[in-house]
Amino acid sequence: MRNTHPHSLTFAHQFCSIEININSAICDEAILFIDADFNGDQKLDLAVANSGTNNVTTIFSQGAGSFSATLQTTPTGGMGPNSLISVDLNGDGFLDLVTANQLGTNVSVMLGATGGKFGNGTVYSVGNGPFYVASSDLNGDLQPDLISSNGGAGNVSVLLSQCN
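All values derive from a computational prediction rather than experimental measurement.

Undergrad: Describe the overall build of the chain, listing the residues and the values that go with them.
TA: If you tally the helices and strands in the chain, you get 0 helices and 11 strands. Sequence-ordered secondary structure for the chain, helices as α and strands as β, is β-β-β-β-β-β-β-β-β-β-β. For the chain, the proportion of its 164 residues judged to be buried stands at 37%. Long-range contacts, defined as pairs at least 24 residues apart, comprise 35% of the intrachain contacts of the chain with a sequence gap of at least 6.

Laid out in structure tokens, this is it:
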């Protein structure tokens, strides 16, 4: 289809809506979700940052828009996870999860393992009120580093990778 209005989008593809019902005790104050293949089955899974329970819930895809009823919950170790990314921080081939914990002064790293499992969060100090976390190779050593924007402190923290 041709778009005749410069500020609108027209999609030739139709979308269908699916709803995933999740126990509110597991996903309390779900702030943000990301998708990635956490368990290596070539299907996009979901991870949800839960600010109210200070954890991340992983929901595994079964393909064709369906998801497993079994949820995996991983404690972040921080308070108020507000931002969530996935990146292989330690080079082991498994995606790791990182949260910015807005109600504290830290970010949490949950190392990935076989089958999409994650270890409990290890916290790393940053400025007050980290609102967003990102990853990039900032110093050219071919290792991912972490960047945190700290709204409460009005600054940015950089955590350089120490992988050998």
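Following the structure, the description resumes.
Undergrad: Tell me about the sheet that holds strand S6 (residues 96–101), and please be specific about residues and values.
TA: Sheets are built from strands that pair by backbone hydrogen bonding, the pairs being arranged parallel or antiparallel. If you trace the 4 strands from one edge of the open sheet to the other, you get S5-S6-S7-S8, paired in antiparallel fashion. Each edge of the open sheet is held by one strand with a lone partner, namely strand S5 (81–87) and strand S8 (122–125). Mean inter-strand twist for the sheet, computed between neighbouring axes without regard to direction, equals 25°.

Undergrad: Quick rundown of the nonpolar core? Include the residues and the values.
TA: Ile34, Ala36, Phe38, Ala47, Ala49, Val56, Phe60, Leu84, Leu97, Met110 and Phe118 together form the largest nonpolar core, which totals 11 residues. At the level of secondary structure, the elements contributing two or more residues to this core comprise strand S1 (30–36), strand S2 (45–50) and strand S3 (55–63). The contact partners of Leu84, leaving out residues within four places of it in the chain, are Leu32, Ile34, Ala47, Val48, Ala49, Val56, Leu97, Val98 and Thr99. Counting 10 residues, the second largest nonpolar core, distinct from the first, contains Ile85, Val107, Val109 and Val126.

Undergrad: Talk me through the side chain of Ser108; I want residue IDs and the actual numbers.
TA: Examined against the element boundaries, Ser108 turns out to sit in strand S7 (residues 106–110). For Ser108, a relative accessible area of 0% translates into the label buried. Side-chain polar atoms of Ser108 contact the side chain of Asn101, separated by 2.8 Å. For Ser108, the contacting residues outside a window of four places in its chain are Thr76, Gly77, Gly78, Leu97, Val98, Thr99, Asn101, Thr122 and Val123.

Each value, and the rule that gives it
Residues numbered from 1 in each chain as written. Predicted model: local features only at pLDDT ≥ 70, side-chain atom pairs only at ≥ 80, totals over all residues. Heavy atoms only, no water. Helix = DSSP H or I, 4+ residues; strand = E, 2+ residues; numbered from the N terminus. Buried < 20%, exposed > 50% of the residue type's maximum accessible area, 1.4 Å probe, protein only. Contact = heavy atoms within 4.5 Å. Pairing = 2+ DSSP bridges. Axes fitted to C-alpha atoms, helices over the stretch in contact; angles between N-to-C directions. Core = buried A, V, L, I, M, F, W, Y, C linked by side-chain atoms within 4.5 Å. Polar contact = N/O pair within 3.5 Å; in protein donor to acceptor, adjacent residues only side chain to side chain.

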